[in-house]
Amino acid sequence: MLFRIVVFLLSEIRIPPNGLAQTYTLPAASDARGVKFEFIAGSAQTHRISSGESNIFGQIIDNSNAATLARTELEGSQTITLVNPKIGDRITIISDGSRYYVEGRTNDTPGLA
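Here is what the cut-offs are and how they apply
- Residues numbered from 1 in each chain as written.
- Predicted model: local features only at pLDDT ≥ 70, side-chain atom pairs only at ≥ 80, totals over all residues.
- Heavy atoms only, no water.
- Helix = DSSP H or I, 4+ residues; strand = E, 2+ residues; numbered from the N terminus.
- Buried < 20%, exposed > 50% of the residue type's maximum accessible area, 1.4 Å probe, protein only.
- Contact = heavy atoms within 4.5 Å.
- Areas by Shrake-Rupley, 256 points an atom, 1.4 Å probe, with all protein chains shown as cover.
- 1 Å grid on protein atoms, 1.4 Å probe; cavity = no way out; pocket = protein on both sides within 12 Å on 5 of 7 lines; lining within 4 Å.
- Points joined across faces, edges and corners; volume = space filled by probe spheres on them.
- Nonpolar A, V, L, I, M, F, W, Y, C, P; charged D, E, K, R; others polar.
- Polar contact = N/O pair within 3.5 Å; in protein donor to acceptor, adjacent residues only side chain to side chain.
- Core = buried A, V, L, I, M, F, W, Y, C linked by side-chain atoms within 4.5 Å.
- Salt bridge = Lys/Arg side-chain N within 4 Å of Asp/Glu carboxyl O.
- Phe/Tyr/Trp six-rings, centres within 6.5 Å; stacked < 30°, edge-to-face > 60°.
- Lys NZ or Arg CZ within 6 Å of the ring centre and 35° of its normal.

Visitor: What is the right way to look at the overall build of the protein in this model?
Guide: When helices and strands are tallied, the protein shows 0 helices and 11 strands. Each helix (α) and strand (β) of the protein, taken in turn from the N terminus, gives the series β-β-β-β-β-β-β-β-β-β-β. Out of the 113 residues in the protein, the part that is buried amounts to 42%. Pairs at least 24 apart in sequence give 66% of the contacts found in the protein among residues at least 6 apart. Accessible surface, the protein as shown: approximately 6,100 Å² in total, 51% of it carbon and sulfur.

Visitor: Even after reading the chapter, I still don't get empty space enclosed by the protein, so can you show me in this structure?
Guide: Where empty space is left can be seen by rolling a probe of water-molecule size over the atoms. Inspection of the entire model under this criterion finds 1 cavity of 30 Å³ or more. Looking at the largest cavity, its volume works out to about 90 Å³. Put simply, the parts of the chain that give the lining of the largest cavity at least two residues each are strand E4 (36–40), strand E5 (48–50) and strand E9 (90–95). Of the residues that constitute the lining of the largest cavity, the class distribution is 9 nonpolar, 1 polar and 3 charged.

Visitor: Where do I start with the side chain of Ser43 in this structure?
Guide: When you line up the elements, Ser43 lands in the loop between E4 and E5. Separated by 3.1 Å, the side chains of Ser43 and His47 make a polar contact.

Visitor: How should the environment of Ile60 be read in this particular structure?
Guide: If you trace the backbone, Ile60 turns up in strand E6 (residues 56–62). Overall, the relative accessible area of 0% leaves Ile60 in the buried class. Separated by 44 residues in sequence, Ile60 and Gly104 place their C-alpha atoms 4.3 Å apart. In contact with Ile60, not counting residues within four places along its chain, are Ala70, Arg71, Thr72, Leu74, Ile80, Ile91, Val102, Gly104, Arg105, Thr106 and Pro110.

Visitor: Explain the nonpolar core here, please?
Guide: The tendency in soluble globular proteins is for nonpolar side chains to be buried side by side. Ranked by internal contacts, the top residues of the largest apolar core, which has 18 residues, are Phe37, Ile91, Ile93, Tyr100 and Val102. At the level of elements, E4, E6, E9 and strand E10 (100–106) are the ones that each hand at least two residues to this core. Once you skip the residues sitting within four places of it in the chain, Val102 turns out to touch Ile56, Phe57, Gly58, Gln59, Ile60, Leu74, Ile80, Ile91, Thr92 and Ile93.

Visitor: Honestly, the pattern of salt bridges in this entry has me stumped. Any pointers?
Guide: Pairing of side chains with opposite charge becomes possible as their charged atoms draw close. A full pass over the atoms with the stated rule returns 2 salt bridges. Notably, a salt bridge pairs Arg90 with Glu38, separated by 2.3 Å at the nearest N-O pair. One end of the pair, Arg90, is in strand E9; the other, Glu38, is in strand E4, and 52 residues separate them in sequence. Note on Arg90: relative accessible area 38%, which makes it partly exposed. The buried category is assigned to Glu38, whose relative accessible area is 13%.

Visitor: For this particular structure, what's the right way to read the packing of aromatic side chains?
Guide: Given two aromatic rings, their pairing is described by the distance between the two centres and the angle made by the two planes. The full count for this structure, using the stated rule, is 2 aromatic pairs. Measuring from centroid to centroid gives 5.4 Å for Tyr24 and Phe39, while their planes differ by 55 degrees, and the two rings are tilted. Placement of the pair is Tyr24 in strand E3 (residues 23–25) and Phe39 in strand E4, with a sequence separation of 15 residues. Note on Tyr24: relative accessible area 7%, which makes it buried. Lying across the ring of Phe57, Arg99 places its NZ or CZ 3.9 Å from the centre.

Interpretation in functional terms is not warranted from these geometric data alone.
Written out as structure tokens, the structure reads:
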């Protein structure tokens, strides 16, 4: 299932429901300047967030599936995929008009593309 986020708010919170993994496509960064998106996993599925461009930068801290804390750096990623997720995994994304900046806390190291 594919969802496209339409920007008309300064802040949006998306909680993927139980069931199937969800894919969220961010709008063009230039259309989302100043917008904050917050994604909270409402189910333990491999949800994806994609920008359509390699313009996601920042970091995600994860628990390495209860083994140890780790940091994943994003340097021009296009897609973030939750891997071995837990309900409550959280990713926050903010646009400056040309890039997206991400900060997150997840159960395990996310997949990046």
